[in-house]
Amino acid sequence: MDLDFNTFKKWFERDEEKWAWTVFAAILAAGFGAISHWVVFEYDLFFMVHAGGEILGGQGIQKTDRWSHTIAGTPWYNFQWLTTVFYYLVSKLAPNYAAFSTLRSIFIASWMFNLFWIARKASGRGLHTWLITLFVGGFWYIVCNFRLQMRADLIATYINSWLLLVLLSDDLKPRTKRIISLALIWIWANIHTGTVPLGIMLFCAHTWFANDLAGPARIKERLLWVACGSLVWLLTPIGPNIFEVIGKNVLEYDYEFTRNPDLQPFRLHLLRYNHGGYAISFWFFHTLFIGFAGWFFWRRQELLPPQYRNKGFVVLVGAALIYLCVNKIRGIHYSMVFFLPITAAYLAHYLKKDEE
């Protein structure tokens, strides 16, 4: 029996394992996309399709309210303009918004596939990697599912996974990573300018703590890259007006008035099942687990991917994302994706021990 198991384990060390795992991960991701093929319910789609139609109709990107009877003519900036154009084109593919159900499945399947690759980069290869892929598929989908809505944030979530994949890459040179990351952030800024600060924070923190830019002699270069990452936020048709948008929609907006749990700060009543508490509970206990895993890796950083061995990077971005979730529970999926390499590396450490 031991000989058979050892022979079985050795197969995972062969070159064919990578391609077999890729097919396995793709099929699993497609499965999660399939179960996400439900009828659209998001009311945002109606105004987004209308806004996209106006832009393509020659009226330009909206900067004033042209639709409301009571506040017509007041400033209103379409900070999701590229998404609205894209959604307008999608709406023409099938009647009754049916094409959006398929689009949701495609985005979720692609997002899950990226998460599997992020987990693999942190866990290496072997039988344990396949087990971790199954765990990530189930656990991350349960926790994040309530936020995978057919809104601009879904595309931003997908871009965020690509951004982390680029930063985790061992094949790309540091300068190439930063150039590709800036391009992704620019696309993100035009998809959903309101959430792009999350991508900017990830890029700037990763760049500031990058090993190739370490030391006082490289501080000017670090500052230059961080400045470029920050300025990308302004490279949209909205420009500096984004600060007004953020002020009204984030700082002044009364989320309590909406009665929508995922728009409210974290409170214990959100853990109830009728408020999607199962997902928020899993996120809560996963966050506690990350604190424990972080303590474990504090002295054993060699088990982490190289990009996550810098304590400053992990603590800075991780603490900011946890704070975001506590204040706006809708940020759970960004927090979960950022901590995925730590979870995968921790599980891989103990699963490898079991294999031995």
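Relevant structure appears above.
Just so you know, these numbers come straight off a predicted model, no measurement behind them.

(A) A look at the packing of aromatic side chains. With the rule as written, the count across this model stands at 30 aromatic pairs. Between Phe107 and Tyr158, the aromatic rings sit 5.8 Å apart at their centres with planes inclined by 65°, giving edge-to-face as the arrangement. Pair noted here: Phe107 is in helix α5 (residues 98-123) and Tyr158 is in helix α7 (residues 152-168), with a separation of 51 residues, a long-range link. Grouping residues by exposure puts Phe107 and Tyr158 together as buried. Pairing Phe338 with Phe339 gives two aromatic rings, centres 5.4 Å apart and planes at 70°, and the pair type is edge-to-face. Here Phe338 and Phe339 have matching classes, each one buried. Clustering of aromatic rings is evident, with ring pairs tying together Phe289, Phe292, Trp295, Phe296, Phe297, Tyr346 and Tyr350. Positioned above the aromatic ring of Tyr43 is the side chain of Arg151, whose terminal nitrogen or guanidinium carbon lies 5.2 Å from the ring centre. Arg178 extends its terminal NZ or CZ atom over the ring of Trp225, reaching a point 5.4 Å from the ring centre.

(B) Up close: the nonpolar core. Grouped together as the largest cluster of nonpolar side chains are 95 residues, with contacts concentrated most on Tyr87, Phe100, Met112, Leu115, Phe116, Tyr308 and Ile342. Looking at which element gives the most residues to this core, the answer is α5, with 13 residues. Filtering out sequence-adjacent residues up to four positions away, Tyr308 remains in contact with Leu164, Leu168, Phe313, Val314, Phe338, Pro341 and Ile342.

(C) Focus on the pattern of salt bridges. Overall, the coordinates contain seven salt bridges when judged by the stated rule. For Glu17, the salt bridge goes to Arg120, with nearest N and O atoms at 2.8 Å. Of the two residues, Glu17 sits in helix α2 (residues 16-35) while Arg120 sits in helix α5, which places them 103 residues apart along the sequence. Residues Arg151 and Asp44 are paired through a salt bridge, measuring 2.7 Å at the closest nitrogen-oxygen approach. Taken together, the positions of Arg151 in the loop between α6 (127-144) and α7 and Asp44 in helix α3 (residues 44-59) put the pair 107 residues apart, joining distant regions of the chain. Residue Asp44 is classed as buried on the basis of its relative accessible area, which comes to 17%.

(D) Examining helix α10 (residues 219-231) more closely. Over its 13 residues, α10 runs 18 Å from end to end, which matches the ideal 18 Å to within 8%, given 1.5 Å per residue. Where α10 is concerned, the buried positions are Arg222, Trp225 and Gly229. Buried residues in α10, looked at end-on, bunch into an arc of 65°, giving them a common side. The exposed residues of α10 that point more than 90 degrees off its buried face are Lys220, Leu224 and Leu231. Residues of α10 that are buried sit in contact with α8 (174-191) and α9 (196-208).

(E) The arrangement of a nonpolar patch on the surface in detail. Residues Ile142, Tyr278 and Phe282 make up a contiguous nonpolar surface patch of roughly 240 Å² in combined accessible area. With respect to the element layout, Phe282 can be found in helix α12 (residues 277-297).

(F) Structural detail: the environment of Phe41. Examined against the element boundaries, Phe41 turns out to sit in the loop between α2 and α3. Once the C-alpha coordinates of Phe41 and Gln149 are considered, the two residues, 108 residues apart in sequence, prove to be 8.8 Å apart.

(G) Layout of the state of the cysteines. Taken as a whole and judged by the stated rule, the model has zero disulfides. The structure places no disulfide on Cys144, whose sulfur is separated from the nearest cysteine sulfur, that of Cys325, by 9.4 Å.

(H) Molecular detail of the side chain of Glu54. Mapped onto the secondary structure, Glu54 falls in helix α3. In contact with Glu54, not counting residues within four places along its chain, are Gln59, Gly60, Gln62, Arg66 and Trp67.

(I) Inspection of α7 at higher detail. Between the first and last C-alpha of α7 there are 25 Å, a value that for 17 residues agrees with the 24 Å anticipated at 1.5 Å per step. Within α7, 16 of the 17 residues are buried, which leaves it mostly tucked inside the rest of the structure.

(J) Looking closely at the packing of α3 against helix α4 (residues 81-91). The geometry of α3 relative to α4 is characterised by a closest axis approach of 7 Å and an angle of 95° between their N-to-C directions. Judged by the angle between their axes, α3 and α4 are roughly perpendicular. Residue-level inspection shows Leu45, Met48, Val49, Ala51, Gly52, Gly53, Ile55 and Leu56 of α3 in contact with α4, the latter providing Trp81, Thr83, Thr84, Val85, Tyr87, Tyr88, Leu89 and Ser91. Along the lines of polarity and charge, the residues of the contact of α3 with α4 split into eleven nonpolar, five polar and no charged.

(K) Examining the side chain of Gln62 more closely. In this fold, Gln62 is placed in the loop between α3 and α4. Within the local environment of Gln62, its side chain forms a polar contact with the side chain of Glu54, the two groups lying 3.1 Å apart. There is a polar contact of 2.9 Å between the side chain of Gln62 and the side chain of Asn78. Once residues lying within four places of it in the same chain are set aside, the contact partners of Gln62 are Ala51, Glu54, Ile55, Trp67, Trp76, Tyr77 and Asn78.

(L) Layout of unusual backbone geometry. One non-glycine residue, Asn96, adopts positive backbone phi at about 55°. Looking at where Asn96 falls in the secondary structure, it is placed in the loop between α4 and α5. Asn96 gets classed as exposed once you look at its relative accessible area, which sits at 74%. For Tyr97, which is not glycine, the phi torsion reads 65° and is therefore positive. Along the chain, Tyr97 turns up in the loop between α4 and α5. Under the relative-accessibility criterion, Tyr97 is labelled partly exposed at 23%.

Cut-off values and rules
Residues numbered from 1 in each chain as written. Predicted model: local features only at pLDDT ≥ 70, side-chain atom pairs only at ≥ 80, totals over all residues. Heavy atoms only, no water. Phe/Tyr/Trp six-rings, centres within 6.5 Å; stacked < 30°, edge-to-face > 60°. Helix = DSSP H or I, 4+ residues; strand = E, 2+ residues; numbered from the N terminus. Buried < 20%, exposed > 50% of the residue type's maximum accessible area, 1.4 Å probe, protein only. Lys NZ or Arg CZ within 6 Å of the ring centre and 35° of its normal. Core = buried A, V, L, I, M, F, W, Y, C linked by side-chain atoms within 4.5 Å. Contact = heavy atoms within 4.5 Å. Salt bridge = Lys/Arg side-chain N within 4 Å of Asp/Glu carboxyl O. Expected span 1.5 Å × (residues − 1). Arc of directions from axis to C-beta. Patch = residues over 30% accessible without salt bridge, like charges linked within 9 Å, V, L, I, M, F, W, Y side chains within 5 Å. Areas by Shrake-Rupley, 256 points an atom, 1.4 Å probe, with all protein chains shown as cover. Disulfide = S-S within 2.5 Å. Axes fitted to C-alpha atoms, helices over the stretch in contact; angles between N-to-C directions. Parallel < 35°, antiparallel > 145°, perpendicular 65-115°, else oblique. Nonpolar A, V, L, I, M, F, W, Y, C, P; charged D, E, K, R; others polar. Polar contact = N/O pair within 3.5 Å; in protein donor to acceptor, adjacent residues only side chain to side chain.

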